[in-house]
Amino acid sequence: MNDLHATRLDLLAGGTDARTEMERALDISRSAACAHAFTRTMFDEALGSAQACDPASRLAGLAFTAKDLFDVEGQATPAGSAVLAHAPAAKADAPAVARLRAAGGVLTGRTNMTEFAFSGVGVNPHHGTPANVSDAAVPRIPGGSSSGAAISVASGAAFIGLGSDTGGSIRIPAALNGIVGFKNTALLTPTAGALPLSTTLDTACAMTRSVRDAITAHEILAARRVTAGNAPLSAYRLAVVKNLFFDGIEPAVATAFERALKALRAAGARIVEIELPELAELGAINATGGFSAAEAYAWHRLLLERSGAGYDPRVAQRILRGATMKAHEYIDLINARRDWIGRVEAALEPFDAVLSPTVPITAPPIASVAPGAERDEEFFRVNALLLRNPSVINMLDGCAISLPCHVPGELPVGLMLWHAALHDDAVLAVALQTERALQE
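Summarised in this report is the structure supplied together with it. (Residues numbered from 1 in each chain as written. Predicted model: local features only at pLDDT ≥ 70, side-chain atom pairs only at ≥ 80, totals over all residues. Heavy atoms only, no water.)

**Let's talk about the overall build of the protein**
- Secondary structure summary: the protein contains 14 helices and 11 strands in total.
- With the C-alpha coordinates aligned to their principal axes, the bounding extent of the protein is approximately 60 × 55 × 40 Å.
- The buried share among the 440 residues of the protein stands at 58%.
- Partitioning the contacts of the protein with sequence separation of at least 6, the portion at a separation of at least 24 is 78%.
- Surface summary for the protein: the accessible area is close to 16,300 Å², and the carbon and sulfur share equals 54%.
- Looking at charge distribution, the protein has the averaged site of its 37 positive side-chain charges lying 1 Å from that of its 45 negative ones. (Helix = DSSP H or I, 4+ residues; strand = E, 2+ residues; numbered from the N terminus. Buried < 20%, exposed > 50% of the residue type's maximum accessible area, 1.4 Å probe, protein only. Contact = heavy atoms within 4.5 Å. Areas by Shrake-Rupley, 256 points an atom, 1.4 Å probe, with all protein chains shown as cover. Lys, Arg positive; Asp, Glu negative; His and termini not counted. Charge placed at Lys NZ, Arg CZ, Asp CG, Glu CD.)

Here is the structure:
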């Protein structure tokens with residue numbers, strides 16, 4: 001599939017037009033590849049909107065989708081739930097949606113997600129679970145919580161899948177579906193108009209088909225220009241953290257990761273293996289439940305009292321853990337995180353980016369984690385593995401990008417490049433060169 005950049009150049013050269021591209025996107029959106037990917041569609045108006053867009057605009061009338069937790073003017077914002085299906089309509093688009101529209105993007109639908117964004121698996125008992133695009137024979141999990149957004153991009157139904165990332169909700173589905181997902185430094189993009197999971201950790205960001213498209217999407221969402229440059233890989237000093245990130249790794253992921261490192265070294269990258277002993281502290285720091293549980297419970301407590309029976313039981317269980325956190329424990333958590341970030345930033349200062357597997361497993365079958373108490377143990381095991389690596393960067397208040405590093409015939413595997421806060425441009429610059437090296 002062409003990425004956004006190639007399609008836009010084709011539009012400007014007259015090789016295609018906005019109507020043709022939108023018709024193609026809508027045909028895919030209606031196909032079996034996108035079953036359960038959308039919670040609400042705007043297909044009827046999308047065609048006219050595409051034709052009315054300026055072809056010279058940054059998104060040129062091309063399709064994007066928005067995760068079901070973002071406000072869209074005139075629509076309820078259910079966030080993948082049943083209990084908010086009839087909530088009052090939003091009075092305005094969320095800033096993230098508005099910025100993509102102002103850049104010439106056409107919103108084609110709201111995408112399915114883990115209820116209230118509280119899981120990395122992507123299973124939804126209310127709207128169904130969209131199947132990963134990578135395996136036609138076995139329906140596999142899409143990853144979450146931005147499940148439908150990933151399917152919309154990976155299938156070809158959209159060029160940008162707007163989502164959120166609190167503990168990996170952009171990078172997990174990007175890795176499992178073989179696309180690109182960039183989680184920027186949280187403060188760079190507005191989360192207003194998005195139903196929160198954790199006000200401390202939430203990030204508004206997107207999935208795309210290439211790194212250069214990720215840069216475009218970020219520039220629009222953050223209203224800033226990225227300075228990526230064009231230095232070769234040999235200009236960067238990269239690290240591989242050996243502890244934590246490789247625990248429980250599947251052989252297929254380990255093979256793809258080591259093959260990627262070999263390709264990067266052949267392209268001139270300087271890669272150093274390091275230990276980050278600070279990672280061993282995360283269990284104790286988050287022992288009382290972490291930010292997501294406490295902050296989600298603060299938002300949901302009254303709704304749970306009124307409509308708790310309508311929640312996904314797995315989501316309710318995780319939210320309710322936040323009910324037991326005491327005020328002093330929350331303050332201790334804030335202080336411990338601040339101290340931990342300072343020490344990790346100091347350890348990473350000599351490097352331009354860190355390389356890790358995005359997640360340590362490939363996408364398991366949906367049947368193994370589908371709703372049902374008899375599968376809860378496996379669901380929570382898979383969920384913990386999926387969240388473990390990417391959530392480190394959210395705790396760090398950092399930035400990270402996942403890009404595919406598998407080869408044809410293999411299940412998708414994500415390579416994550418990451419660093420501390422406000423290293424976004426350096427991470428994106430390295431990612432551009434990494435993508436080129438892996439495609440050669």
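Now that the structure has been shown, the text picks up again.
**A short note on the packing of helix α1 (residues 4-13) against helix α7 (residues 211-222)**
- Where α1 meets α7, the closest approach of the two axes is 8 Å, and the angle between their N-to-C directions is 80°. Judged by the inter-axis angle, α1 sits roughly perpendicular to α7. Touching Leu4, His5 and Ala6 of α1 are Arg212, Asp213 and Thr216, all from α7.
- Looking at the contact of α1 with α7 residue by residue, the classes come out as 2 nonpolar, 2 polar and 2 charged. (Axes fitted to C-alpha atoms, helices over the stretch in contact; angles between N-to-C directions. Parallel < 35°, antiparallel > 145°, perpendicular 65-115°, else oblique. Nonpolar A, V, L, I, M, F, W, Y, C, P; charged D, E, K, R; others polar.)

**A look at helix α11 (residues 313-320)**
- Turning to α11, its buried residues number three or more, namely Arg314, Val315, Ala316 and Ile319.
- By the N-cap criterion, in which a side-chain oxygen at the helix start approaches the backbone nitrogen of a residue two or three places on, α11 is capped by Asp312, the distance to Arg314 being 3.0 Å. (Polar contact = N/O pair within 3.5 Å; in protein donor to acceptor, adjacent residues only side chain to side chain.)

**With respect to the sheet that holds strand β5 (residues 180-183)**
- If you walk across this open sheet you meet the 11 strands as β1-β3-β2-β4-β6-β5-β10-β11-β9-β7-β8, and the pairing is mixed. Lying at the two open borders of the sheet, with one neighbouring strand each, are β1 (38-41) and β8 (270-274). With direction set aside, neighbouring strand axes in the sheet form an average angle of 25°.
- In this sheet, strand β3 (residues 106-111) lies alongside strand β2 (residues 63-67) in parallel orientation, the contact comprising 5 bridges. Bridge pairing in β3 links Lys67 to Thr111.
- Packed onto the sheet, helix α8 (residues 251-266) meets β7 (237-241), β8, β9 (353-357) and β11 (414-419) and runs at close to 150° relative to β9.
- Packed onto the sheet, helix α14 (residues 424-439) meets β5, β7, β9, β10 (399-404) and β11 and runs at close to 10° relative to β10. (Pairing = 2+ DSSP bridges.)

**Details of the environment of Asp312**
- Examined against the element boundaries, Asp312 turns out to sit in the loop between α10 (290-307) and α11.
- Asp312 gets classed as buried once you look at its relative accessible area, which sits at 8%.
- Along the primary structure Asp312 and Pro125 are separated by 187 residues, whereas in three dimensions their C-alpha atoms are 6.7 Å apart.
- Discounting chain neighbours no more than four positions away, the residues touching Asp312 are Glu115, Val123, Pro125 and His126.

**As for the pattern of salt bridges**
- Tallied over the full model, the rule gives 17 salt bridges.
- Asp93 is the salt-bridge partner of Arg101, the closest N and O atoms lying 2.6 Å from each other.
- Judged by its relative accessible area of 36%, Arg101 is partly exposed.
- Beyond isolated ion pairs, a larger network of salt bridges with shared partners links Arg58, Glu219 and Arg225. (Salt bridge = Lys/Arg side-chain N within 4 Å of Asp/Glu carboxyl O.)

**Structural notes on the side chain of Glu278**
- Position of Glu278 relative to the elements: it lies in the loop between β8 and α9 (282-285).
- An unpaired buried charge is present at Glu278: no salt bridge exists, and Arg343, the closest side chain of opposite charge, is 4.4 Å distant.
- Not counting residues within four places of it along the chain, the set of residues in contact with Glu278 comprises Trp340, Arg343 and Val344.

**Regarding the packing of aromatic side chains**
- Considering all chains together, one arrives at 6 aromatic pairs under this definition.
- Here the aromatic rings of Phe246 and Phe257 are separated by 5.2 Å at their centres, their planes lie at 70°, and the arrangement is edge-to-face. Highlighted residues: Phe246 in the loop between β7 and α8 and Phe257 in helix α8, separated in sequence by 11 residues. As far as burial versus exposure is concerned, Phe246 and Phe257 are alike and both buried. (Phe/Tyr/Trp six-rings, centres within 6.5 Å; stacked < 30°, edge-to-face > 60°.)

**What about the nonpolar core?**
- Residues Trp340, Leu355, Ile401, Leu417 and Trp418 are the most contacted members of the largest nonpolar core, which totals 63 residues.
- Looking at this core, the element that brings in the most residues is α14, giving 7 residues.
- Sequence-distant contacts of Leu355, that is, excluding residues within four places in its chain, are made with Leu238, Ala239, Val240, Val241, Phe257, Leu261, Leu264, Ile271, Met416, Leu417 and Trp418.
- If you look at the next biggest cluster of nonpolar residues, it comprises 40 residues, including Leu59, Leu107, Phe116 and Phe118. (Core = buried A, V, L, I, M, F, W, Y, C linked by side-chain atoms within 4.5 Å.)

**Observations regarding α8**
- Helix length check: α8, at 16 residues, gives a terminal C-alpha distance of 22 Å against a target of 22 Å (1.5 Å per residue), a fit within 8%.
- Lining the buried residues of α8 we find β7, β8, β9, β11 and α14.
- Positive phi shows up at Gly268, right after α8, with a value of about 105°. (Expected span 1.5 Å × (residues − 1).)

**Thoughts on the pairing of β7**
- By the criterion of burial, β7 is predominantly enclosed, with 4 of the 5 residues buried.
- Of the pairings in the sheet, the one linking β7 to β8 comprises 5 bridges and is parallel in character. Residue pairing across strands places Val241 opposite Ile274, the latter belonging to β8.
- After leaving β7, the chain enters α8 and then returns to the sheet as β8, a path that is right-handed.
- For β7 and β9, the ladder comprises 3 bridges, and the chain directions are parallel. Across the sheet, the residue bridging to Val240 is Leu355, located in β9. (Right-handed = clockwise from strand over helix to strand, strands pointing away.)

**Details of unusual backbone geometry**
- With an omega of 10°, the peptide bond between Gly144 and Ser145 qualifies as cis.
- For Ser145, the position within the fold is in the loop between β3 and α5 (147-155).
- If you check the backbone angles, Ala60 has positive phi at about 50° while not being a glycine.
- For Ala60, the location among the structural elements is in the loop between α3 (43-52) and β2.
- Judged by relative accessible area, Ala60 falls into the buried class, the value being 2%.

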